[in-house]
Amino acid sequence: MSLVGFTRLGSLTAPSVTGSASDLPTLVKYEDFTATMLASLDSGGGDLRFSSDEAGAIPLACEVVTFTKATGDVVWVKVPSVATGASIYVWGDNTGAAQPAVGDAFGRNAVWVDYGMVNHTRNYIDS
């Protein structure tokens, strides 16, 4: 997947960790985005993308569960390598773009596991 057609809107700081972490699902909150970033994104975050580099050559898998301040946002990004203070780059401004399909390399399942349902005490829930 390439971020061609998307505009880099800014960056967020990766969470603080002791040492470093790899393949870390990271929660990004609506409040973490600047007003400029939010103004450049489609309603619902359909064109929201992330990368670990400024050029957008290394996209990150993400799951946009909800992306509105009113409903309590939940956006997960899988960060392959995190060091304290590292940047996660935010991309958007691609009107009409939709989130990658669930099974795509950068879709929802890539954030967690390679399947969509997990059995927890006899209850099937989203991974």
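Quick caveat: nothing in here was measured; it's all calculated off a predicted structure.

Peer 1: Describe the overall build of the protein, and please don't skip the residues or the numbers.
Peer 2: Of regular secondary structure, the protein possesses 2 helices and 9 strands. Residues counted as buried form 38% of the 127 residues belonging to the protein. Within the protein, contacts between residues separated by at least 24 positions form 70% of all contacts whose residues are at least 6 apart in sequence. Accessible surface computed for the protein: about 6,900 Å², of which carbon and sulfur atoms make up 53%.

Peer 1: A description of the sheet that holds strand β7 (residues 87-92) should follow, citing residues and the corresponding values.
Peer 2: Reading across the sheet, the 4 strands line up as β1-β7-β3-β4 and stay open at both edges, with antiparallel pairing between neighbours. Both outer strands of the open sheet, β1 (7-13) and β4 (59-60), are each paired with one neighbouring strand and no more. As judged from the 2 bridges shared by strand β3 (residues 49-51) and β4, these two strands associate in the antiparallel manner. Note that in β4 the partner of Ser51 across the bridge is Pro59.

Peer 1: Report on the pattern of salt bridges, specifying residues and quantitative values.
Peer 2: Counted according to the given criterion, the structure contains 1 salt bridge. One salt bridge connects Arg8 with Glu54, and the closest N-O pair in it is separated by 3.9 Å. In this pair, Arg8 sits in strand β1 while Glu54 sits in the loop between β3 and β4, placing the two residues 46 residues apart along the sequence.

Peer 1: Summarise the side chain of Asp47; cite the residues concerned and give the values.
Peer 2: The topology assignment puts Asp47 in the loop between α1 (35-39) and β3. Lacking a salt bridge, the buried Asp47 has Arg49 as its closest oppositely charged neighbour, with an N-O distance of 6.5 Å. Among the polar contacts made by the side chain of Asp47, one reaches the main-chain amide nitrogen of Asp42 at a distance of 2.8 Å. Setting aside residues no more than four positions away along its own chain, Asp47 makes contact with Phe6, Ser40, Leu41, Asp42, Trp91, Gly92, Asp93, Asn94, Thr95, Ala97 and Gln99.

Peer 1: Could you give an account of the pairing of β7, naming the residues involved and the relevant values?
Peer 2: Of all 6 residues that make up β7, 5 are buried, and the element is covered over most of its length. Of the pairings in the sheet, the one linking β1 to β7 comprises 6 bridges and is antiparallel in character. Paired with Leu12 across the strands is Ile88, a residue of β7.

Peer 1: Outline the confidence of the model for the protein, listing residues and values.
Peer 2: Looking at the protein as a whole, its pLDDT mean stands at 80, while 80% of the residues score no less than 70. Element-level pLDDT for the protein is lowest in strand β8 (residues 117-120), with a mean of 52, against a maximum mean of 93 in β1.

Peer 1: Go over the nonpolar core with me, naming the residues and quoting the values.
Peer 2: Looking at soluble globular proteins, one finds that nonpolar side chains tend to be buried together. By size, the foremost hydrophobic cluster in this structure holds 19 residues, and its most contacted members are Phe33, Leu48, Phe50, Phe67, Val75, Val77 and Val90. For this core, the secondary-structure elements that each account for two or more residues are β1, β5 (62-66), β6 (74-83) and β7. Counting residues per element, this core draws most heavily on β6, which supplies 3 residues. Discounting residues that sit within four places of it in the chain, Val90 has contacts with Thr7, Arg8, Leu9, Gly10, Ser11, Leu12, Phe33, Met37, Leu48, Arg49 and Phe50.

Reading the values: rules and limits
- Residues numbered from 1 in each chain as written.
- Predicted model: local features only at pLDDT ≥ 70, side-chain atom pairs only at ≥ 80, totals over all residues.
- Heavy atoms only, no water.
- Helix = DSSP H or I, 4+ residues; strand = E, 2+ residues; numbered from the N terminus.
- Buried < 20%, exposed > 50% of the residue type's maximum accessible area, 1.4 Å probe, protein only.
- Contact = heavy atoms within 4.5 Å.
- Areas by Shrake-Rupley, 256 points an atom, 1.4 Å probe, with all protein chains shown as cover.
- Pairing = 2+ DSSP bridges.
- Salt bridge = Lys/Arg side-chain N within 4 Å of Asp/Glu carboxyl O.
- Lys, Arg positive; Asp, Glu negative; His and termini not counted.
- Polar contact = N/O pair within 3.5 Å; in protein donor to acceptor, adjacent residues only side chain to side chain.
- pLDDT = per-residue confidence, 0-100.
- Core = buried A, V, L, I, M, F, W, Y, C linked by side-chain atoms within 4.5 Å.

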